[in-house]
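Below, each chain spelled out in residue letters.
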Amino acid sequence: MKKIENNRKKTSYPLMPYLIGLFITVVVLVVLSYLVQLRNNQELNLFVPSSFISQSFEAEL
């Protein structure tokens, strides 16, 4: 039996794209958790239907 010799050089994979992707993922998770925290504290009013606004205004009167 012949021995198979692997004279191939091991290629190193670039690390920078993985680090950039990890950084973007962390930033997105932090922003998302901040927005969810604001929503839970009811301080975030991005998409409030106009009917809800009129009902709350009538309730205050």
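For the structure itself, look to the data block above.
Residues numbered from 1 in each chain as written. Predicted model: local features only at pLDDT ≥ 70, side-chain atom pairs only at ≥ 80, totals over all residues. Heavy atoms only, no water.

J.: Lay out the overall build of the protein with the relevant residues and their values.
T.: Across its full length, the protein carries two helices and zero strands. Going through the 61 residues of the protein one by one, you find that 2% of them count as buried. Surface summary for the protein: the accessible area is close to 6,800 Å², and the carbon and sulfur share equals 63%. (Helix = DSSP H or I, 4+ residues; strand = E, 2+ residues; numbered from the N terminus. Buried < 20%, exposed > 50% of the residue type's maximum accessible area, 1.4 Å probe, protein only. Areas by Shrake-Rupley, 256 points an atom, 1.4 Å probe, with all protein chains shown as cover.)

J.: Tell me about helix α1 (residues 16-40), residues and numbers included.
T.: Side chains that are three or four residues apart share a direction in an α-helix, a result of its 3.6 residues per turn. When the terminal C-alpha atoms of α1 are compared, their 36 Å separation across 25 residues agrees well with the 36 Å that a helix rising 1.5 Å per residue should span. Of the residues flanking the end of α1, it is Q42, one or two places downstream, whose phi is positive at about 55 degrees. (Expected span 1.5 Å × (residues − 1).)

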